[in-house]
Amino acid sequence: MEWVFYMGILFCLFDIQGKLNKLTKKEEKNDKKKNNFKIDMMIKDCLGKDIKIEMSDDVNFFIEFGVVGRIVDYDKERFVFRYYHQSKKKYVKQYFRIKDLKSIDEVKDISK
């Protein structure tokens, strides 16, 4: 009889653990959606304006340090960054993933 009682307690503990796992996954998913919404709003606000972007460390070597450019277009996963390449002496468009974006700094005055 005692083993039935212990099995009941064990099932209750497993049930509680499963509910906790579901809640933590749901909370992480909501946090991710909030962060994506903030980044989407930042990109939408900076569309067509002169900006500097900071990317994650594994992407930084593709773009020159301190380059000023514009976000031309974006979708759910990627955005197009257009900037003037000094050595090529022309404007270059480059695609980046939104999840690699760390920060966007708007440039008020460009003095070269």
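The model shown is predicted, which means the values in this text are computed figures rather than measured ones.

Criteria and thresholds
- Residues numbered from 1 in each chain as written.
- Predicted model: local features only at pLDDT ≥ 70, side-chain atom pairs only at ≥ 80, totals over all residues.
- Heavy atoms only, no water.
- Helix = DSSP H or I, 4+ residues; strand = E, 2+ residues; numbered from the N terminus.
- Buried < 20%, exposed > 50% of the residue type's maximum accessible area, 1.4 Å probe, protein only.
- Contact = heavy atoms within 4.5 Å.
- Patch = residues over 30% accessible without salt bridge, like charges linked within 9 Å, V, L, I, M, F, W, Y side chains within 5 Å.
- Areas by Shrake-Rupley, 256 points an atom, 1.4 Å probe, with all protein chains shown as cover.
- Salt bridge = Lys/Arg side-chain N within 4 Å of Asp/Glu carboxyl O.
- Core = buried A, V, L, I, M, F, W, Y, C linked by side-chain atoms within 4.5 Å.

A count of helices and strands for the protein chain gives one helix and five strands. When the helices and strands of the protein chain are read in sequence order from the N terminus, they spell out α-β-β-β-β-β. Relative to its 112 residues, the protein chain shows a buried fraction of 22%. In the protein chain, the proportion of contacts linking residues at least 24 apart, taken out of those at least 6 apart, comes to 43%.

Here the focus is a nonpolar patch on the surface. Taken together, the side chains of Trp 3, Val 4, Met 7, Leu 10, Phe 11 and Phe 14 make up a nonpolar region of the molecular surface, amounting to roughly 670 Å² of accessible area. Structurally, Leu 10 is set in helix α1 (residues 2-46). Given a relative accessible area of 38%, Leu 10 falls into the partly exposed group.

Bringing the nonpolar core into the picture now. One finds Ile 53, Phe 79, Phe 81 and Ile 104 to be the most contacted residues of the largest nonpolar core, which totals 15 residues. Those elements that place two or more of their residues in this core are α1, β1 (50-55), β3 (78-85), β4 (90-97) and β5 (101-106). In contact with Phe 79, other than residues within four places in its own chain, are Ile 43, Ile 53, Met 55, Ile 71, Asp 73, Tyr 74, Gln 94, Tyr 95, Phe 96, Arg 97, Ile 98 and Leu 101.

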